[in-house]
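# Examination of the molecular architecture
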Amino acid sequence: MAVPEIRVSFQGGGALMAAMIPIAHALRDAEVRGYVRIGDVAGTSAGSVAGALLASHGDFANLRTYLDTALPADARLAVGQFRGRLGAGKLIWGLIRIVGGWDVIPLHRQRAFFLSIFRAAGVELAGKDTADRNLTDYGKTGLPTLSITRSSLDEAKLQVMRSGPVIDAILDSCAIPFILRGYRTARLRPHVDGGLCENLPISGFDLDDNIPILAVSVDTDPEQGQAASQKRNLFSFFMQLFSTSIGHNVARSKEIVGRQMTIEERVPFAFHQVEEAVAWLCDRQNYDKVYDRAYRRVLDFAQLQSNLKPEGRLLTGRNTVRGRDRQLHLLLQDDYDADAFSAESASLHVSCESLRNPDPKSYRSYDIVAARTRCCVKKPGARLYRSQLRRLEQGIHPTTWSVTNVTRTQPVRFTAFHYRDDPNTGDQHDPCFLRFDQPHDDFAVGDILEVEFVYLIPPGMLGLDTEKRDFIAFNNVHAHAIPMEIILTYPAVLGTLVVDPSPAGATMPVLQVMDRTQLERHCGISDVSTKPIGVRSEHPVPPKGKIKAWFARP
C-alpha cells in the first residue's frame, strides 16, 4: 500500500517553538520509518524554524545534544541585557530603542541564534564560501517544498515566500514589531511577523485537493496565562496584546484543517518567556513526552490515510467560503433524488486498539470505525448520493470516502461534499453528498455500488452507557429500510457482546448475534489477540432508525 502523503503547517509562537522542535522530530521519524510522506511544509514566525528543520531533514539527534549543552548560552547571548527579570532600567532602555526605531534585539544577534540551531542539526543555511540556502532548493532531491509566510507592510497583506534565502525568510517571519523589528530596520526590510496575518499558515496550500494538512499548534497553559497577567508590566502587556490579536486566526485555521488533524500542546510558559522555554526544552522528560504524543497522533493519521483508496476522498474540517460556494454551485446543478439508489445492505466494522489494548507498546491512540453500505442503481445518470458525517463538538471526524462498483469491480469517480457545518444544530451527524463525476461511464441501472467511509474516534467505542459499558450505535439515514450488520473487533479480554433488546411495541427490529460462519465473510478471526463478534437485524432497520450493542465485562 502506498505511503500516505500529508502537508504540515507550523503555528507561530515565539518561545513556544520549544515544544515545536520535538513535534518536528516525531514527524521526521514517522517519515523515515515509512508511515507518512511529507510533501509540503509551511511555517510562520517561530513555526518557520521548526518547519525549516523538518523540511531540511535535520539531524534531531545532534540537535538534542546541542539543546542539552549550548542552547542556554546561545539564548542568553541572543537576548543580551534583556535576560532575567525585566526591571525598570531594562524597560527604559528597551523603550529608548523602540522610540528610536531600533530593534530591541539587534538583527545580527537574531541571525546568529537561528543559524546556530540549524548548524547543530547539520543544516547550513549560510556559509562563508557558499551561497545561502534558497527556498527554491526545497521540493527537489527528496526534500518537501517549504513555504514561509511574512506580513508585508508595503502591500498590507500576507506574503507566502517560496524563493529567496531561507535565513532571511525566517528573520522576516519572526520579526515581532518593535522587539525584533524597529521602524528603522523596516525601512529597508518592510516585513514583520507573519503571525499578524495568519498565525497558522494554510493559505499557501490548495485546500480543494485531496491531500490532508496536519497542523502543529502550541499554546500557553491557561493557568500560566492567568498567572502571567497578574504580573503585568509594559513589556508583558504588549506581548499579551500581540498574542491575543493573532489567536482568532489560529482558531479559524484549525477549524478548516480539522481539530483532529491538529497536534496540540500546552506549555507552562508564555511566548515571550525565552529563558523559561529554554529551561523547559532542556529537560529531556518534557521533550520525550511531547515527542511521544506527537508520534502517536501521526500514526493515527497514517492509519486513517491507509484506508484511503486511490479514487477516494478525505474530509477533515469546516468548509472555506470558497469551498462552500463551489460546492453549492455544483449541487444546485443536480436535483437530489432519494429514489435514484436503493439501499440493499449495510455493515459497520470497528477495529480497536484503544487504551484498553493489553499491549502497552501499541502506539495507536484512536479506534477505527469503517462503515460500508451497498445500494442498487435505479435511475440512469444519477449524480447525488446522500450519506452522513459524524460531528465533533467543533467540526467533524476526519473521514475517508471511497465508492466501488461491485458489479464491474472498479472504482467510481466522485467528489465528497460536507454540506452543513453549523455547530448550533445539536445534531450528532451532518449530511454528506457524494457527487459522481462520470455517472454514465462508471455505472448503469442495476449495478451494485458499495460506499465506504472510515473515521477515527477516541478509544472506548462510540461512548459509554449509564452502566459505564462500551457501546456502539449506528443510524440508518437512508430513505429506505435496510438490513444492518455490526461487526466489532476488540481485544479478547473485554468480554461478550450484549444486544440492546427492542421494547414491546417498538418499531426497531430485533438483533441477532452473528455466528462464526457469518463473521468469516467480514474479517479474519485467526488472530488470538482479538475477538470479532457481531449482530445483524432480523428485519430491515427503518429510515432514521438506530441499533445499539454493548460489551459486558468478563
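An account of the accompanying structure is given in this report. (Residues numbered from 1 in each chain as written. Predicted model: local features only at pLDDT ≥ 70, side-chain atom pairs only at ≥ 80, totals over all residues. Heavy atoms only, no water.)

The subject of this paragraph is the nonpolar core. Counting residues in each nonpolar core, the largest one holds 88 residues, and the members touching the most others are F10, L27, L63, L125 and I170. Counting 37 residues, the second-largest nonpolar core is a separate cluster that includes Y385, V403, F414 and I472. (Core = buried A, V, L, I, M, F, W, Y, C linked by side-chain atoms within 4.5 Å. Buried < 20%, exposed > 50% of the residue type's maximum accessible area, 1.4 Å probe, protein only.)

Taking strand neighbours across the sheet as the criterion, the three strands line up as β11-β15-β14 in an open arrangement whose pairing is antiparallel. Because the sheet does not close on itself, it has two edges, and the strands there are β11 (384-390) and β14 (414-418). Direction aside, the axes of adjacent strands within the sheet are offset by 30 degrees on average. Both β14 and strand β15 (residues 429-436) contribute to a ladder of five bridges, which runs antiparallel. Within the sheet, the bridge partner assigned to F417 lies in β15 and is F433. (Pairing = 2+ DSSP bridges. Helix = DSSP H or I, 4+ residues; strand = E, 2+ residues; numbered from the N terminus. Axes fitted to C-alpha atoms, helices over the stretch in contact; angles between N-to-C directions.)

Inspection of the secondary structure puts G164 in the loop between β4 (157-161) and α7 (166-173). Sequence-distant contacts of G164, defined by excluding residues within four places in its chain, comprise R133, N134 and L135. (Contact = heavy atoms within 4.5 Å.)

Burial analysis of strand β3 (residues 145-152) places seven of its eight residues in the buried class, the great majority of the element. The pairing of β3 with β4 spans five bridges and is antiparallel. The residue bridging I148 from the neighbouring strand is M161, located in β4. Connecting β3 to the antiparallel partner β4 that follows it, the hairpin turn spans four residues, and A156 within it adopts a positive phi of roughly 55 degrees. Relative to strand β5 (residues 191-192), β3 runs antiparallel, the two sharing two bridges. Considered in β5, the bridge of S151 is made with V192.

With that out of the way, let us pick up the environment of V267. You can see V267 is positioned in strand β7 (residues 262-267). Classification of V267 by relative accessible area gives buried; the value is 1%. Residues V267 and A19, 248 residues apart in the sequence, show an inter-C-alpha distance of 7.6 Å.

Scope: geometric values only; no functional claims are made or implied.
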